[in-house]
Amino acid sequence: RIHRRPPCLILVMQQPQTAQSLDIPATYDALRRENLALRDALARLSSDDGTPSPCDHSAGASTDSAGASHSTDYVRECLRESPFAYEVVCAAATLVAVVVVAISWRHLRSLRRAPISPRQQLYISIGWMPIVFALSALLTILTPRAFLLWQLLQKQYEAFALSCFGSLLFLLLAITALAEERTSVADSRLQAAVEPTFLGNGVLALLNQDGPGKHFATPPLLCLCRPCWPRFRLGPLHLVLISYLLFQFVLGTPVLAIVGMWGYISLDAASAHALRAACLALKQLSTLLALWGLFALYQASHDPLRHWNTTKKFVSLKAVLVLELVQEHLIAFLLDAGSYGPGDGLDGATLDACRHGQLVE
C-alpha cells in the first residue's frame, strides 16, 4: 500500500463521513498523524532500497550529508562490534601519523632554510611524500568509503616523487661534472679562455670513469644475467632509455589508478575485479621497469656521487615501492590464513574484495 500510494494522497483515501458526525478538528489531527506515520514508513523503506521518497523534499540535503553520516555509522558500528580492536588500530595509526608528520615537517623546515635552487625544490618535493602517505593512510582507516580516492592520491604522488628523484640524480651528475671540469683548470685566467664543452659529455665521462661496465644487469629484472652480460660504456641513448623508463611510470601510475576507480564506479563487481587485476598487473610491470632504470642509474653513478649520500636516498625511496608491490599479496595471505570465513561475518564476496584492496561497507 505504501509503495502504490504516496502518503501525500492519504487525505483522499478516507471513508466519507456524514455531516452530523463530522468532527473537523479531530478528523484533521487523526489524518495528519496517519499521514506523518506513513511518510516515515515510506522514508524508511526508500532508504533500504536506495530510492528517494516521492514526497521527501529534503532529498538533496540528505544526499549532501551522506558522507558524514556514513563515517559516523562506520565508527559507531566498529565500536559496537569490536571496540578494543578499533581503538587500538585508530590509536596506533594516529600515533604513527603524528610521528611521521613531525619528523618530516622538521626535515622540510631544514630544507627551506637552504639557499633557493632547483636541488632544494626537488628535495622539498620528495620530502612531502611521507606526510602525504601518512595522512592518506590515516584518513582511509577513518573513512573507508574514500579508499580509492586516497589510493589515487598516493599513486600520483608516488609517481611524482620518483620522477623528482630521477631528476635529482641527473642534476647531481651535472653539478659534479661541472665542478670537475672547473677544477681541471687550475688557473682562473685559463678557465675563462677554455671553450665550454657540452655538459652531457661531462656527465657521460663521469659515468664511464671506471671504464666499460655491466650496465642494466641490475635488479629486479636482469640481475641473474650479470655473469654473461657484456661490458660497454654508457652513451646518450642509454640515458634516454633510463629517462623513458621513469617517464612511463610517472604517466602510467595515475592513469591505471583512474581506470581502476572508473571500473568500480561504472562496471559490475566481476568486471571491476577483472579490470583491477589487469591494472594491478600493469602497475607492477611499470614499477619493475622504473626500478630497473633507477637501479641502472644508481649503479653507474654510485662512485661519482658518493659524497652526496645517494645510497640512503635510494634505499628510503625504493623501500616504499617494494613494500607496495608485496602489500596486497600480504593482505590476501593474512586473510586466507586468518579465521575469517562465511560464518565469521565476512562472506566470499567481501573476502575477495579485501584481497583486491577494495574496502566495502
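Look up a bit, the structure's there.
Residues numbered from 1 in each chain as written. Predicted model: local features only at pLDDT ≥ 70, side-chain atom pairs only at ≥ 80, totals over all residues. Heavy atoms only, no water.

*Asks:* Would you mind showing me how to read the overall build of the chain here?
*Replies:* Counting its regular elements, the chain contains 13 helices and zero strands. When the helices and strands of the chain are read in sequence order from the N terminus, they spell out α-α-α-α-α-α-α-α-α-α-α-α-α. Across the 361 residues in the chain, those meeting the buried criterion constitute 33%. Contacts in the chain between residues at least 24 apart in sequence constitute 69% of all its contacts with a sequence separation of at least 6. Total accessible area computed for the chain in this model is approximately 22100 Å², and 66% of it derives from carbon and sulfur atoms. (Helix = DSSP H or I, 4+ residues; strand = E, 2+ residues; numbered from the N terminus. Buried < 20%, exposed > 50% of the residue type's maximum accessible area, 1.4 Å probe, protein only. Contact = heavy atoms within 4.5 Å. Areas by Shrake-Rupley, 256 points an atom, 1.4 Å probe, with all protein chains shown as cover.)

*Asks:* Could you clarify how one ought to interpret the packing of helix H4 (residues 83-112) against helix H5 (residues 118-127) in this entry?
*Replies:* Between two packed helices, what matters for the description is the angle formed by their axes and the separation of those axes. Interhelical geometry of H4 versus H5 gives an angle of 170° and a closest axis separation of 10 Å. It follows that H4 is roughly antiparallel to H5 by the angle criterion. Where H4 abuts H5, its residues Ser 104, Leu 108, Leu 111 and Arg 112 lie against Gln 120, Tyr 123, Ile 124 and Gly 127. Of the residues that constitute the contact of H4 with H5, the class distribution is four nonpolar, three polar and one charged. (Axes fitted to C-alpha atoms, helices over the stretch in contact; angles between N-to-C directions. Parallel < 35°, antiparallel > 145°, perpendicular 65-115°, else oblique. Nonpolar A, V, L, I, M, F, W, Y, C, P; charged D, E, K, R; others polar.)

*Asks:* How should the nonpolar core be read in this particular structure?
*Replies:* It is characteristic of soluble globular proteins that their nonpolar side chains tend to be buried jointly. Counting residues in each nonpolar core, the largest one holds 45 residues, and the members touching the most others are Leu 162, Phe 165, Leu 173, Leu 207 and Leu 294. Of all the elements in the fold, those that place two or more residues in this core are H4, H5, helix H6 (129-142), helix H7 (147-183), helix H9 (199-207), helix H10 (236-266), helix H11 (269-301) and helix H12 (310-337). Grouped together as the second largest cluster of nonpolar side chains are six residues, Leu 148, Met 261, Tyr 264 and Ala 272 included. (Core = buried A, V, L, I, M, F, W, Y, C linked by side-chain atoms within 4.5 Å.)

*Asks:* When you look at the packing of aromatic side chains in this model, what are you seeing that I'm missing?
*Replies:* Given two aromatic rings, one states the distance between the centres and the angle between the planes to describe the pair. In this structure the tally under the stated criterion is six aromatic pairs. Aromatic side chains Phe 295 and Phe 314 sit 4.9 Å apart centroid to centroid with 80° between the ring planes, which places their arrangement in the edge-to-face category. In this pair, Phe 295 is assigned in helix H11 and Phe 314 in helix H12, connecting sequence segments 19 residues apart. A connected cluster of aromatic rings, assembled from ring pairs, spans Phe 165, Phe 295, Tyr 298 and Phe 314. (Phe/Tyr/Trp six-rings, centres within 6.5 Å; stacked < 30°, edge-to-face > 60°.)

*Asks:* Sorry if this is basic, but what is going on with the pattern of salt bridges here?
*Replies:* Two side chains with opposite charge may pair up if their charged atoms get near one another. All chains considered together, the criterion is met by four salt bridges. With a shortest N-O distance of 2.4 Å, Arg 80 and Glu 77 are connected by a salt bridge. Of the two residues, Arg 80 and Glu 77 both sit in helix H3 (residues 66-81), three residues apart, roughly one turn of that helix. A relative accessible area of 56% places Arg 80 in the exposed class. We classify Glu 77 as partly exposed; its relative accessible area is 36%. For Arg 306, the salt bridge identified is with Asp 303, shortest N-O distance 2.7 Å. The exposure class of Arg 306 is exposed, given its relative accessible area of 51%. Overall, the relative accessible area of 38% leaves Asp 303 in the partly exposed class. (Salt bridge = Lys/Arg side-chain N within 4 Å of Asp/Glu carboxyl O.)

*Asks:* Where do I start with a nonpolar patch on the surface in this structure?
*Replies:* Together, Leu 95, Val 99 and Ile 103 make up an exposed nonpolar region whose accessible area comes to about 300 Å². Overall, Val 99 belongs to the partly exposed group, its relative accessible area being 41%. (Patch = residues over 30% accessible without salt bridge, like charges linked within 9 Å, V, L, I, M, F, W, Y side chains within 5 Å.)

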